[in-house]
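# Structure assessment
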Amino acid sequence: MSDFARSVSAALSLIADADAELLGIVMLSLRVSLMASILALLIGAPIGAWLAIAKFRGRQVVIVLTNALLGLPPVVVGLALYLLLSRSGPLGPAGLLFTPAAMVIAQTLLATPIVVALVHRPSSLLWMEYRDLARTDGLSYVRSIALLFALGRASLLTAFLAAFGRAIAEVGAIIIVGGNIRGYTRTMTTAIALETSKGELPLALGLGLILLALSVAVSTIAFLLVGRVGEK
């Protein structure tokens, strides 16, 4: 049996036996990424809808900058957060560096621009259609945003799942601010990078298979749910 086949067999055995280390890494990854995705949705969705209905000087500049942040390098975010959270940084006393909380912050910063962009475009189209009705009824900004959320449920779902996909696959920023500490801040992506560099392929392959399965599941759920929402 080749080395690759043995590695795959060992990886499948780890998954089948519910290896404690593997499960711990997977659960931490899910907790961190879900929390970051929820925060990104709570922050980004109102901003995206507000940009669709608000009129102010420099609005187009804000929209362009928000879209530019979609390509923000994760390692740059990680470095900036490291400087902020380190002992000599302004947020050093909070003691967040090398903790799951720091990883959540990093993933939230990376996922929020995605939510803003994915909510803003459909909200703009909906606002063009329902703007006159909202103004006739005298809706405030808050109620107008709530109206757009009710009408654009599919875009909210898509934005959340896209944010989760971005977060769960991220490695550059969280390895800097999390430290990749075994049993504490080691996620699937950072563990895969570490184990591969060490030549320990079974755990890396096992985590890779689970990460791939999660990606396929998220895409499938997004397709099915968005389709159902669109039919309603």
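Refer to the structure printed above.
## A closer look at the environment of T136
Relative to the helices and strands, T136 resides in helix α5 (residues 100-136). Overall, the relative accessible area of 64% leaves T136 in the exposed class. Along the primary structure T136 and L224 are separated by 88 residues, whereas in three dimensions their C-alpha atoms are 36 Å apart.

## Focus: the packing of aromatic side chains
The geometry of an aromatic ring pair is captured by the separation of the ring centres together with the interplanar angle, meaning the angle of the planes. The tally for this structure, following the rule as stated, stands at two aromatic pairs. Taking the centre distance of 6.3 Å and the plane angle of 55° together, the rings of Y82 and F98 count as tilted. In this pair, Y82 is assigned in helix α4 (residues 74-85) and F98 in the loop between α4 and α5, connecting sequence segments 16 residues apart. Look at F98 and you get partly exposed, because its relative accessible area is 32%.

## Focus: the environment of A173
Structurally, A173 is set in helix α8 (residues 172-178). A residue is classified by how much of its surface remains accessible, and A173, at 0% relative accessible area, is buried. Once the C-alpha coordinates of A173 and L83 are considered, the two residues, 90 residues apart in sequence, prove to be 12 Å apart. In this view, A173 contacts P74, G78, A106 and L110; residues no more than four positions away in its chain are not counted.

About the cut-offs
Residues numbered from 1 in each chain as written. Predicted model: local features only at pLDDT ≥ 70, side-chain atom pairs only at ≥ 80, totals over all residues. Heavy atoms only, no water. Helix = DSSP H or I, 4+ residues; strand = E, 2+ residues; numbered from the N terminus. Buried < 20%, exposed > 50% of the residue type's maximum accessible area, 1.4 Å probe, protein only. Phe/Tyr/Trp six-rings, centres within 6.5 Å; stacked < 30°, edge-to-face > 60°. Contact = heavy atoms within 4.5 Å.

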